[in-house]
Amino acid sequence: MDERLLKLRWPTTCAGCTTALPGGSEAWWDSKRKEAKCPSCHSNAGDTAAPLVAPLDRGAAGASARREYEKRSARERAREEALVASDDAWRRSVKEEHPVVGRLASALRPKPTIGPESQATAAWKQGAAGELRVAEILNGLKGISALHDRRIPGSKANIDHVAVGPAGVYVIDAKKYTGGVEKRNVGGWFRADERLYVGGRDRSKVIDGVRWQAEVVQACLATAQARISVYGVVCFVGAEWPLVFRRPVQMRGVTALWPKALGELVGKTGPLDRTVIDQTTDLLAAILKPA
């Protein structure tokens, strides 16, 4: 049985008659269709055909990063191909106009070539791979509902992953970096200044970005008066962690960890049951559209 009578945690509308259902009111919740019905529509369900419900769009992990990579890669290659074509045209022209001197000038002038992609462009491809790895972990966890690559309303930014589990909502940023992960205090004697380094490079801005994303998601839940904890997480894919005494890094309210530890964190037990997890996922999916 996929339906059961319960008290709604936040407002919604009846899937049958579209009547507003305020938070705290009793309604029949269909966990399979992810919809609520007022008692009247539920009792008359046998009289009419069940409405068609569009499946929840969970998003495609790394989709926006892949699109950006393909756009940048195509632009780089087109620019290099144009340079090669222009150079070929110049060499033919100078040789035709000046057979002797033109050949000498052509021999002395280096030929442009189509080289490997720039590091800035390749980083988008690596980022997409990191998001796919994190999505594999989240989608393989039982009792967890995950959304991927969500657009933040009114912004060009996006959230890599949002996972809803028994312990709350996790806003996850996937980063495919190499090198060791460490937290350093670069401040002086009287003022601490904690920074997160990966491979010797200061990556503290990633922490600040996830904090902001978690605040956005918390605001989304507040619109429905849903009192659910929201946690910011950075998952470093491919980075190096100590072999002994390995533990996640806590910094400015955000947890930085590795893929296996992510599954353990998101899969923790908590007070949220399946119905609340589904309703929370539906709410966030309606506000945070796929990027």
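Residues numbered from 1 in each chain as written. Predicted model: local features only at pLDDT ≥ 70, side-chain atom pairs only at ≥ 80, totals over all residues. Heavy atoms only, no water.

### Re the confidence of the model for the chain
Here is step 1 of the chain: Of the residues in the chain, 95% have a pLDDT of 70 or more, and the chain-wide mean is 89.
Here is step 2 of the chain: A low-confidence stretch, residues 48-52 stays under pLDDT 50, and its non-local contacts, those more than four residues away or across chains, total four contacts. (pLDDT = per-residue confidence, 0-100. Contact = heavy atoms within 4.5 Å.)

### Looking at the pairing of strand β4 (residues 26-30)
Strand residues, when the strand is regular, have side chains that alternate between the two faces of the sheet.
Here is step 1 of the chain: Bridge count between strand β1 (residues 3-7) and β4: five bridges; the pairing is antiparallel. Paired with K7 across the strands is E26, a residue of β4.
Here is step 2 of the chain: Where β4 lies against strand β5 (residues 35-37), three bridges are found, and the strand directions are antiparallel. Across the sheet, the residue bridging to W29 is A36, located in β5.
Here is step 3 of the chain: Hairpin connection, β4 to β5: the antiparallel pair is bridged by four residues, and K34 has positive phi, about 60°. (Pairing = 2+ DSSP bridges. Helix = DSSP H or I, 4+ residues; strand = E, 2+ residues; numbered from the N terminus.)

### Observations regarding the sheet that holds β1
Here is step 1 of the chain: Across the sheet, three strands lie side by side as β1-β4-β5; this open sheet has antiparallel pairing. Each edge of the open sheet is held by one strand with a lone partner, namely β1 and β5. Recorded for the sheet is a direction-independent mean angle of 40° between the axes of neighbouring strands.
Here is step 2 of the chain: On the sheet, helix α7 (residues 274-287) packs against β1 and β4 and is oriented at approximately 85° with respect to β4. (Axes fitted to C-alpha atoms, helices over the stretch in contact; angles between N-to-C directions.)

### Here we look at the sheet that holds strand β14 (residues 254-257)
Here is step 1 of the chain: The mixed open sheet is built from six strands, whose spatial order is β6-β7-β8-β12-β14-β13. Only two strands of the sheet have a single neighbouring strand rather than two, namely β6 (145-151) and β13 (249-251). Mean inter-strand twist for the sheet, computed between neighbouring axes without regard to direction, equals 25°.
Here is step 2 of the chain: This element, helix α4 (residues 119-139), spans β6, β7 (158-165), β8 (168-175) and β12 (230-236) of the sheet and lies at about 10° to β7.

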